[in-house]
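The residues making up each chain are set out below.
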Amino acid sequence: MGATQAADEAERHQPAHFAFDEESERRIPGILARYPETRKASAVIPLLWLVQEQMRRQTGSAWVPKAAMDVVAARLGMPPIRVYEVATFYFMFNTRPIGRHHLQVCGTTPCMLRGAEEVARACRDATGIKAYGETSADGMFTLSEVECLGACVNAPVLQVDLDYYEDLDYESTVRLIEALRRGERPRPGSVIGRQASAPEGERTTLLDVPGE
């Protein structure tokens, strides 16, 4: 599905109404308590995130409908346009339906130097997606390019939904997507077994650590 088609599809799928569910309502008081009564608008980002996570639970697609932005605006006593501005500014919010899994390829310099293009190629080959911004024909995957994910030492990095998969190459990316398609969720982190962000290979210093 191309970007223009996706925009048209999003407009067709905009729900007429939105209401926070029981789980979201249970979390809202704790969020609002972080801010003075006169600064409730500061809660706009966490409330939009609640919306997106609720849509993930309810529909399998993590996105923020316009009707939900209006609900957030009313809850916080702010003009709806200010909520629209926040939701469309941050890449963390999806303002149209996406696939069940959001494949987010880091395309900044460290990841690019370490093979991000091969990760992106694997994503396209394994899903049938032709370009960033598209969703696979089966609705399983949406592919996006994002800015630095802050895991440069383990580049290249692919964020899948909320999880980071690191030290990827073409083959390991394909295997990851195949596992997701089977309904499996591989363990996040380095796919080569690197411990956190330690150097590749065996330890070469601090070999005699008391207690180990």
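Reading the values: rules and limits
- Residues numbered from 1 in each chain as written.
- Predicted model: local features only at pLDDT ≥ 70, side-chain atom pairs only at ≥ 80, totals over all residues.
- Heavy atoms only, no water.
- Core = buried A, V, L, I, M, F, W, Y, C linked by side-chain atoms within 4.5 Å.
- Buried < 20%, exposed > 50% of the residue type's maximum accessible area, 1.4 Å probe, protein only.
- Helix = DSSP H or I, 4+ residues; strand = E, 2+ residues; numbered from the N terminus.
- Pairing = 2+ DSSP bridges.
- Right-handed = clockwise from strand over helix to strand, strands pointing away.
- Contact = heavy atoms within 4.5 Å.
- Axes fitted to C-alpha atoms, helices over the stretch in contact; angles between N-to-C directions.

Engineer: Tell me about the nonpolar core, and name the residues and values.
Structural biologist: Core analysis: the largest hydrophobic core is formed by 24 residues, its most contacted members being Val-44, Leu-47, Leu-48, Val-51, Val-72 and Val-83. Of all the elements in the fold, those that place two or more residues in this core are helix 2 (22-32), helix 3 (44-59), helix 4 (66-76) and helix 5 (80-89). By size, the runner-up hydrophobic cluster in this structure holds 17 residues, among which are Ala-120, Ala-126, Ile-177 and Leu-180.

Engineer: Now, about the pairing of strand 4 (residues 163-166): what can you tell me, with residues and values included?
Structural biologist: Here strand 3 (residues 158-160) pairs with strand 4 via three bridges, running antiparallel. Note that in strand 4 the partner of Leu-158 across the bridge is Tyr-165. Hairpin connection between strand 3 and strand 4: a loop of two residues separates the two successive antiparallel strands, and Asp-161 in this loop has a positive phi of roughly 60°. Pairing between strand 4 and strand 5 (residues 189-190): two bridges, direction parallel. Bridge pairing in strand 5 links Tyr-165 to Gly-189. Regarding the hand of the β-α-β motif, the stretch spanning strand 4, helix 8 (residues 170-181) and strand 5 is left-handed.

Engineer: For the sheet that holds strand 2 (residues 141-146), give the residues involved together with the corresponding values.
Structural biologist: Across the sheet, five strands lie side by side as 2-1-3-4-5; this open sheet has mixed pairing. In this open sheet, the two edge strands, each paired with only one partner strand, are strand 2 and strand 5. Contacts from helix 7 (residues 116-127) reach strand 1 (101-106), strand 2 and strand 3 within the one sheet, and its direction differs from that of strand 1 by about 155°. The strands touched by helix 8 within the sheet are strand 1, strand 2, strand 3 and strand 4, with strand 3 carrying the most contacts at an inclination of about 5°.

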